[in-house]
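# Observations on the model geometry
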Amino acid sequence: MAERTGHRGYIGARPLNGSRTPQHVQNIVIRDYARRKNLQYLLSAAEHTMPGSYMVLEDILDELPQLLGLILYSIFMLPPDEARRREIYDRVLREGCDLHAAVEEITLASRKDIQTIEDILLVNKYATIL
Amino acid sequence: MTDTDFLQADEQALAQRFIDDGFVTTPSDDRAGLDRIQRRAAELAADYLKLPHSNDPYAMLDTIHTRVGVGDLNGLRLHVFNGLNAEPWFRPTYFRLARSTIETIVGNELCMQRRVNLSIQMPGDDSSLLATHSDVWSGDSPFEVVVWVPLVDVHRTKAMYLLPPSVNGEMQDRMAELRSAEELYRTIKPHATFIEIPYGHVMLFNQTLMHGNRVNEEPGTRWSMNCRFKSIMSPYADKRFGEFFEPILLRPATRVGMQYKLPGGFHG
């Protein structure tokens, strides 16, 4: 098997929670996160702007056998469908990789980390920050 | 389209080629400027690799894979990218390489991407590929064009591929059924064209069309630059004015218009 290298960045062109962050700023946040966590940052892939497209994320998941993991700009870039998210967690862990979210400073490295992420996503879905 | 007497015959022909094929290639308007960029890129590469400057910048770039490994490729790329973009003459020169074509296809009040991108594709390297995409899918405006300039001759897999306008829409309509960009490439592969561009020529292409590149199976390394231009008053998408684009040509009538205020003080 080829040697695994680094963590692939994942940024997007769609607003998150109604806010927009320029793509170069998303990359700065990911790069800074990788530096602070001693992760080797690999150039980010940008998700399509079409709502509901996760093609670029799927490409990164296909790439996992060559990676140590991936760094999302935000946990809110994950698909809104819980079953689809759980498939993603399973693939990441099955490949021996980890998943990071730079803005929230969250790491998913084992099954016990899943609930933390799901709690944030679910609360965000129902609660409103004034 | 362009059935207008307001354009000259050569402009009409160029515009029609762009519409029909999705791209145009032409000899650079400023060959000396292109040679200067090529020479500076080779010097920066030599500096990074701690080698003497070469008298043959083309050969230096084309054979760079004999001097650098894949692991150090991005470091080299960033060094040359930052070095070129730091040169005050670089972006104006880049614009001049294709000025007449840009003005025919886009217009003459323009904004330009703030940093000109650089790609290096060494033979057999799969570490820096661009999957099938349209720039619009990642936040570019459909009103933009890309000026793509190779620093060496490119052909077959050493070049980039583009899907012709005649099939792009049909393929795009099938896209939501596909899972990944690789699957998308397999779908469009029979229709995609690798564009041959000799050094000294530039390409301007329609970035709403699907394009990308594959592993370079030719013996030489591809060096290419790309930069987006758009009409300054046309709609923007996620790549915003100010943060991604900056104005390079704004005409006096537009400046006057933007500053004009109608007389006030009426209370009728």
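Treat the numbers as computed from the prediction; the structure is a model and nothing was measured.

Time to look at the pattern of salt bridges. Going through the model one piece at a time under the given rule, you end up with 27 salt bridges over all chains. The salt bridge involving Asp 32 of chain A is made with Arg 36 of chain A; its shortest N-O contact spans 2.9 Å. Taken together, the residues span about one helical turn, with Asp 32 of chain A and Arg 36 of chain A both in helix α1 (residues 23-36) at a distance of four residues. Note that Glu 58 of chain A and Arg 91 of chain A form a salt bridge whose closest N and O atoms lie 3.0 Å from each other. Of this pair, Glu 58 of chain A sits in helix α2 (residues 55-63) while Arg 91 of chain A is found in helix α3 (residues 82-94), placing the two residues 33 residues apart along the sequence. Look at the salt bridges and you will find they share partners, linking Glu 58, Asp 62, Arg 84 and Arg 91 of chain A together with Arg 179 of chain B into a network.

Next up on the list: α1 of chain A. At 3.6 residues per turn, the α-helix brings residues three or four places apart onto the same side. All names here are of chain A. Compared with the 20 Å implied by 1.5 Å per residue over 14 residues, the 20 Å span of α1 between its first and last C-alpha is a close match. Along α1, the residues classified as buried are Gln 23, Gln 26, Asn 27, Ile 30, Tyr 33 and Ala 34. The arc that holds every buried residue of α1, seen down its axis, measures 125 degrees, which confines them to one face. Opposite its buried face, α1 presents the exposed residues Ile 28 and Arg 35, each directed more than 90 degrees away.

As a further point, take the sheet that holds strand β8 (residues 211-212) of chain B. All names here are of chain B. Sheet architecture is open: three strands sit in the order β6-β5-β8, paired in antiparallel fashion. The open sheet has two edge strands with one neighbour each: β6 (193-194) and β8. Bridging between strand β5 (residues 161-162) and β8 involves two bridges; their strand directions are antiparallel. Residue Leu 162 lies in a different strand from β8, and its bridge partner there is His 211.

Any empty space left between the atoms is revealed when a probe the size of a water molecule rolls over them. Residues and elements named next belong to chain A. Approximately 480 Å³ is the volume attributed to the second largest pocket. In this structure, the second largest pocket is lined by 27 residues; those nearest its centre are Leu 16, Asn 17, Phe 76, Met 77 and Leu 78. Taken together, the elements giving at least two residues each to the lining of the second largest pocket come down to β1 (7-12), α3 and α4 (114-126). It is α4 that contributes the most residues to the lining of the second largest pocket, four residues altogether. Its residues placed into classes, the lining of the second largest pocket shows 14 nonpolar, seven polar and six charged.

Residue and element names in this part refer to chain B. Across the five residues of strand β7 (residues 201-205), four count as buried, placing the element largely inside the fold. Bridge count between strand β1 (residues 23-27) and β7: five bridges; the pairing is antiparallel. By the bridge assignment for β7, Thr 25 is matched with Met 203. Sheet analysis places strand β4 (residues 144-150) next to β7, joined by three bridges and oriented antiparallel. From the neighbouring strand, Val 146 faces β7, where its bridge partner is Phe 205.

What follows deals with unusual backbone geometry. Residues and elements named next belong to chain B. The backbone of Lys 50 sits at a positive phi, close to 55 degrees, despite the residue not being glycine. Note that Lys 50 resides in the loop between α2 (31-48) and α3 (57-62). Its identity as a non-glycine residue notwithstanding, Arg 156 has a phi of 45 degrees, on the positive side.

The subject of this paragraph is the packing of aromatic side chains. All names here are of chain B. Following the criterion strictly, the structure yields nine aromatic pairs over all chains and no others. When the centroid spacing of 5.0 Å and the interplanar angle of 80 degrees are considered together, the rings of Phe 244 and Phe 245 count as edge-to-face. Phe 245 carries the same exposure label as Phe 244, and that label is buried. Here the aromatic cluster, defined as three or more aromatic residues joined through ring pairs, consists of Tyr 236, Phe 241, Phe 244 and Phe 245. The ring of Trp 89 carries the charged tip of Arg 36 above its face, separated from the ring centre by 4.0 Å.

The rules behind each value
- Residues numbered from 1 in each chain as written.
- Chains lettered and ligands numbered in written order.
- Predicted model: local features only at pLDDT ≥ 70, side-chain atom pairs only at ≥ 80, totals over all residues.
- Heavy atoms only, no water.
- Salt bridge = Lys/Arg side-chain N within 4 Å of Asp/Glu carboxyl O.
- Helix = DSSP H or I, 4+ residues; strand = E, 2+ residues; numbered from the N terminus.
- Expected span 1.5 Å × (residues − 1).
- Buried < 20%, exposed > 50% of the residue type's maximum accessible area, 1.4 Å probe, protein only.
- Arc of directions from axis to C-beta.
- Pairing = 2+ DSSP bridges.
- 1 Å grid on protein atoms, 1.4 Å probe; cavity = no way out; pocket = protein on both sides within 12 Å on 5 of 7 lines; lining within 4 Å.
- Points joined across faces, edges and corners; volume = space filled by probe spheres on them.
- Nonpolar A, V, L, I, M, F, W, Y, C, P; charged D, E, K, R; others polar.
- Phe/Tyr/Trp six-rings, centres within 6.5 Å; stacked < 30°, edge-to-face > 60°.
- Lys NZ or Arg CZ within 6 Å of the ring centre and 35° of its normal.

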